Amino acid sequence: EIDEEGLRRLRGGAERGDAALAHTSFPLLQDYFAWVHAHHPARWHYVSAQAAEVYACLCALQDPAASTLASALCAPYLPALDHEFGPHDHHNLEMRAWFRSHCGRCGGVAKSACARCKIVGYCGVPCQKAHWKAHKPVC
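Just so we're clear, the structure is a prediction, and the values are computed from it rather than from any experiment.

Conventions and cut-offs
- Residues numbered from 1 in each chain as written.
- Predicted model: local features only at pLDDT ≥ 70, side-chain atom pairs only at ≥ 80, totals over all residues.
- Heavy atoms only, no water.
- Axes fitted to C-alpha atoms, helices over the stretch in contact; angles between N-to-C directions.
- Helix = DSSP H or I, 4+ residues; strand = E, 2+ residues; numbered from the N terminus.
- Parallel < 35°, antiparallel > 145°, perpendicular 65-115°, else oblique.
- Left-handed = near helix turned anticlockwise from the far one by under 90°.
- Contact = heavy atoms within 4.5 Å.
- Nonpolar A, V, L, I, M, F, W, Y, C, P; charged D, E, K, R; others polar.
- Salt bridge = Lys/Arg side-chain N within 4 Å of Asp/Glu carboxyl O.
- Core = buried A, V, L, I, M, F, W, Y, C linked by side-chain atoms within 4.5 Å.
- Buried < 20%, exposed > 50% of the residue type's maximum accessible area, 1.4 Å probe, protein only.

Notes on the packing of helix 4 (residues 44-61) against helix 7 (residues 90-101)
Working step 1: Relative to each other, helix 4 and helix 7 sit at 50°, their axes nearing to 12 Å. Of the possible angle classes, the one that applies to helix 4 and helix 7 is oblique. The handedness of the crossing between helix 4 and helix 7 is left-handed. Side by side, helix 4 and helix 7 meet where Ala52, Tyr55 and Cys59 of the first sit next to Glu94, Met95, Trp98 and Phe99 of the second.
Working step 2: The class makeup of the residues in the contact of helix 4 with helix 7 is six nonpolar, no polar and one charged.

Structure representation (structure tokens):
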């Protein structure tokens, strides 16, 4: 299961508008999702709902660091969410639009999307090139 302490901190920070508290969850969440990717790639459908909750909390913070983390952690789960709830599910459509409108590297306003997956947005070519190594495995 997802690191409960990380999720508790993220939820608490999002509910109270306390970005500092939410930011303490970032390393815990990154470690958890990295562990899932490395050890249980078949569990993506199981953790897709957790990714959706993390996305909602991160977006509620309205902060560039949270936006960047939302793209990095949650965008790879969109295909699993599409499979689970359908590609026309309004939550999935909202997430796709959000990922395309925020830079996957810096969290700024995106001007274009990845030409390959069309999920992750970028503010410019420098951010897209700098992010490619991290994005390529999930693209």
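We are not done yet, so read on.
Considerations on the pattern of salt bridges
Working step 1: This structure, assessed with the given rule, holds four salt bridges.
Working step 2: Residues participating in the shared-partner salt-bridge network are Glu5, Arg8 and Arg9.

Overview of the side chain of Ser71
Working step 1: Mapping Ser71 onto the fold places it in helix 5 (residues 64-74).
Working step 2: Beyond its immediate sequence surroundings of up to four residues, Ser71 is in contact with Pro76, Trp98, Phe99, His102, Cys103 and Gly104.

Remarks on the nonpolar core
Working step 1: Ranked by size, the top nonpolar core spans 36 residues in total, and within it Leu10, Val54, Leu58, Leu61 and Phe99 carry the most contacts.
Working step 2: Elements represented by at least two residues in this core include exactly helix 1 (4-16), helix 3 (26-39), helix 4, helix 5, helix 6 (78-85) and helix 7.
Working step 3: Among the elements that make up this core, the one with the highest residue count is helix 4 (eight residues).
Working step 4: In this structure Leu58 touches Leu10, Phe26, Ala66, Leu69 and Ala70, once residues within four positions along its chain are discounted.

As far as function goes, none of this settles anything; it's purely spatial.
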